[in-house]
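Residue-level structural notes
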Amino acid sequence: MIRNGRRKIALTAVAGASVLALGLTACGAGGSEGSAGDGDRALRVWAGSQTPITANYNPFAPTVLHGALGPIYEPLFFFNKTADSEPVGLIGDSYEYNDDGTVITIAIKPDLMWSDGEPLTAADVAFSFTYEANNPEGNGLVSAEATDDTTVVLTYTSAQYTTEFQRLGSTYILPEHIWADVTDFANFANEDPVGSGAYVVDKTTSESYTLVANENFRDADELGVKKVQYIAVDNNQTAQDLLAAGKLDWTGMFIPNPDDVTANGAIDWINTPQDPTVLYTCSNAELGCTGPQTDVAVRQALNVAIDRAAIKDKAFVGLTGDISPTFALLPRDEKWVADAADEVSPQEADASAAGDILEAAGYTKDGDFYAKDGTPLELSLISVDGWTDYNDAAKLIAEQAEAAGIKITASTVQWQEFSDARQGGDFQLIVGGVVGTSVADPFQIYRDWFGGTTVESTAPVGSEVPAGRWNFSRYSNPVVDQAIQSAISTDDEAEKKALYGTIQTEIVRDLPYIPLVINATQTFYNTKDFTGWPTEDDLYAFPPSWGAIAAGYVLTHLEPVE
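Residues numbered from 1 in each chain as written. Predicted model: local features only at pLDDT ≥ 70, side-chain atom pairs only at ≥ 80, totals over all residues. Heavy atoms only, no water.

**Overview of the state of the cysteines**
For the structure on display, the rule yields 1 disulfide. Through a disulfide, Cys-282 is tied to Cys-289; the S-S separation comes to 2.1 Å. Looking along the S-S bond of the Cys-282-Cys-289 disulfide, the torsion reads about -75°, which is the left-handed sense. Overall, Cys-282 belongs to the buried group, its relative accessible area being 0%. Overall, Cys-289 belongs to the buried group, its relative accessible area being 4%. (Disulfide = S-S within 2.5 Å. Buried < 20%, exposed > 50% of the residue type's maximum accessible area, 1.4 Å probe, protein only.)

**Looking at helix 12 (residues 478-488)**
Among all positions of helix 12, only Val-480, Asp-481, Ala-483, Ile-484, Ala-487 and Ile-488 are buried. An end-on view of helix 12 places all buried positions within 165° of arc, on one side of the element. Tucked into the core, helix 12 has its buried residues touching helix 11 (443-450) and helix 13 (493-510). Of the residues that open helix 12, the one with a side-chain oxygen 2.9 Å from the backbone nitrogen of Val-479 is Asn-477. (Helix = DSSP H or I, 4+ residues; strand = E, 2+ residues; numbered from the N terminus. Arc of directions from axis to C-beta. Contact = heavy atoms within 4.5 Å. Polar contact = N/O pair within 3.5 Å; in protein donor to acceptor, adjacent residues only side chain to side chain.)

**Some details on the environment of Ser-208**
Position of Ser-208 among the secondary structure elements: in strand 13 (residues 208-213). On the basis of relative accessible area, Ser-208 is assigned to the buried category, the value being 7%. Note: C-alpha distance between Ser-208 and Tyr-230 (22 residues apart in sequence) is 5.5 Å. Side chain to side chain, Ser-208 and Gln-229 meet in a polar contact 3.4 Å long.

**Some remarks on the packing of helix 12 against helix 13**
It is the contact of helix 12 with helix 13, at a shortest axis distance of 9 Å, that shows an interaxial angle of 160°. Here helix 12 lies roughly antiparallel to helix 13, going by the angle between them. As helix 12 runs across helix 13, the sense of the crossing is left-handed. The residues of helix 13 that touch helix 12, namely those facing Val-479, Val-480, Ala-483, Ile-484, Ser-486 and Ala-487, are Lys-496, Leu-499, Tyr-500, Thr-502, Ile-503, Glu-506 and Ile-507. Along the lines of polarity and charge, the residues of the contact of helix 12 with helix 13 split into 9 nonpolar, 2 polar and 2 charged. (Axes fitted to C-alpha atoms, helices over the stretch in contact; angles between N-to-C directions. Parallel < 35°, antiparallel > 145°, perpendicular 65-115°, else oblique. Left-handed = near helix turned anticlockwise from the far one by under 90°. Nonpolar A, V, L, I, M, F, W, Y, C, P; charged D, E, K, R; others polar.)

**Brief notes about the packing of aromatic side chains**
Inspection of the entire model under this criterion finds 37 aromatic pairs. With 4.8 Å between their ring centres and 50° between their planes, Tyr-97 and Tyr-161 make a pair best called tilted. One end of the pair, Tyr-97, is in strand 6 (residues 92-97); the other, Tyr-161, is in the loop between strand 11 (151-156) and helix 2 (164-169), and 64 residues separate them in sequence. Given a relative accessible area of 4%, Tyr-97 falls into the buried group. When its relative accessible area of 4% is taken as the criterion, Tyr-161 is described as buried. An angle of 75° between the planes, with centres 5.4 Å apart, marks the rings of Tyr-446 and Tyr-500 as edge-to-face. With Tyr-446 in helix 11 and Tyr-500 in helix 13, this pair connects stretches of sequence that are 54 residues apart. The class for Tyr-500 is buried, based on a relative accessible area of 0%. These aromatic residues form a ring-pair network of at least three members: Tyr-280, Phe-327, Trp-449, Phe-450, Trp-470, Phe-472, Tyr-475 and Tyr-513. We note Lys-81 situated over the ring of Phe-542; from NZ or CZ to the ring centre the distance is 4.6 Å. (Phe/Tyr/Trp six-rings, centres within 6.5 Å; stacked < 30°, edge-to-face > 60°. Lys NZ or Arg CZ within 6 Å of the ring centre and 35° of its normal.)

**Observations regarding the sheet that holds strand 24 (residues 513-518)**
Strand order in this open sheet of 5 strands is 22-21-23-17-24, and the pairing throughout is mixed. The sheet is open, and its two edges are formed by strand 22 (407-413) and strand 24, each paired on a single side. The sheet shows a mean angle of 25° between the axes of neighbouring strands, direction not considered. As paired strands, strand 21 (residues 378-384) and strand 23 (residues 429-433) are joined by 2 bridges and run parallel to one another. Within strand 23, the position partnered with Ile-382 by the bridge is Ile-430. (Pairing = 2+ DSSP bridges.)

**Concerning the pattern of salt bridges**
Applying the stated criterion across every chain yields a total of 15 salt bridges. A salt bridge links Arg-44 to Asp-249; the shortest N-O distance between them is 3.8 Å. In this pair, Arg-44 is assigned in strand 3 (residues 43-46) and Asp-249 in the loop between helix 4 (236-244) and strand 15 (250-252), connecting sequence segments 205 residues apart. There is no split in this pair, since Arg-44 and Asp-249 are both buried. Its salt-bridge partner being Lys-528, residue Asp-529 comes within 3.6 Å of it at the nearest N-O pair. In this structure Asp-529 comes out as buried when scored by relative accessible area, which is 8%. Accessibility expressed as a relative area gives 36% for Lys-528, which makes it partly exposed. (Salt bridge = Lys/Arg side-chain N within 4 Å of Asp/Glu carboxyl O.)

Shown next, in the form of structure tokens:
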């Protein structure tokens, strides 16, 4: 999202346990014990928690409970990742850049309060931006100063136009009177959180946690849903059964046959594909990767050997979207695709073209498969055990590669083994996901997933990828890194598109992540008892229950059906 340095941005104000063990407020299809309209009915949510739940409401902890991120703690502004639209003011009211983009002046809303009744002022905002967890090394922040109770001035070493979401849309604002004394933020459980959002913690057990309306919330009088119960479920099938039985109101999960849960007349669903599914390749021999996939010709051959249409139909039951090798999300980001020829990855397999690429690189057929210098072209491909859509995709890729003379052995591993492999670089190919961008701009993916060692987005094999960055492929290209650095500081759309074009040329050729599909993101919600959900006609927010920040924004839009 491009900003004019002199333009002030005014923003819109916005108002495995069993069913019995979960302790759910009974509802059922008939609403027998408490209907949505009686004011006491909890909205029941599954956002991925499994048993036992441990109370942790620290927004910086890896084990933070989902209800902390948006419903309790908020950034200054809400950015809708499903559309190219203006951000919406939460704590913040407006912001503007100076002429060179190095200074951001933010006005926050007046008369705000924390959930414990203490005033929320610009001093809290300034504190939050300088707090260590929000201000890692290399962030570029020079100073954060509260010039009065409602004005904060942020000064950076370089222009920050392209990092706008990172600064203003994902920096959680903290109460200074609580967090000033928290020096070990990584291990702070924060069991009784004080936030600015619409909800506060009422009760936490091993099986669920309940949030209730924050009476000091800025729009407390307009809040329709007064109680939200987040439950623990140990597997997708249990969650699906709860949806079908009318015991669950909101979740995001993959269900191949949605009719199984919508037949009760209460549940509706929406699919909003956002996140790329790819083949991770440990691509960079200079950083320690080993195996045939370090040869760009092998990656290019695999790219054209894959039948994405078959994968979409057979592994993902037709729910995924077509992916762009530029990693721009289409159609949202189509203006950032520099070359129309790179708009969409090939959908049908071309085994002949794969063979041509390999033979031009010195590979020859040895029986059914290619080899080079006497070494067979054999690759291992892993996916996480139980991720049936990804497991099915891996099997299909192995079959499709075989038709092109490339031998792939697909197997499944437990989550921890998968996580350790990609963090340490001990793999050849992985079916995995890429986190989609939170604004209509592919910059986050370029920096976090394709940035190399000079922008601190990757590390040599054997070392973990830097926190907050995701370049598991160990890709490191100085041309890409320079373009990323230059893109941070420009608010000229033409200049940025040219820089993105440079990045796209490199990554489309090098393919450190081989694009597969834009993965399905299904959200299921109860439209019988609650209104105000995001719909295809009004997709005001990313709809799944596990969405950080967006989930809190959705909750403020919901109303019980009277």
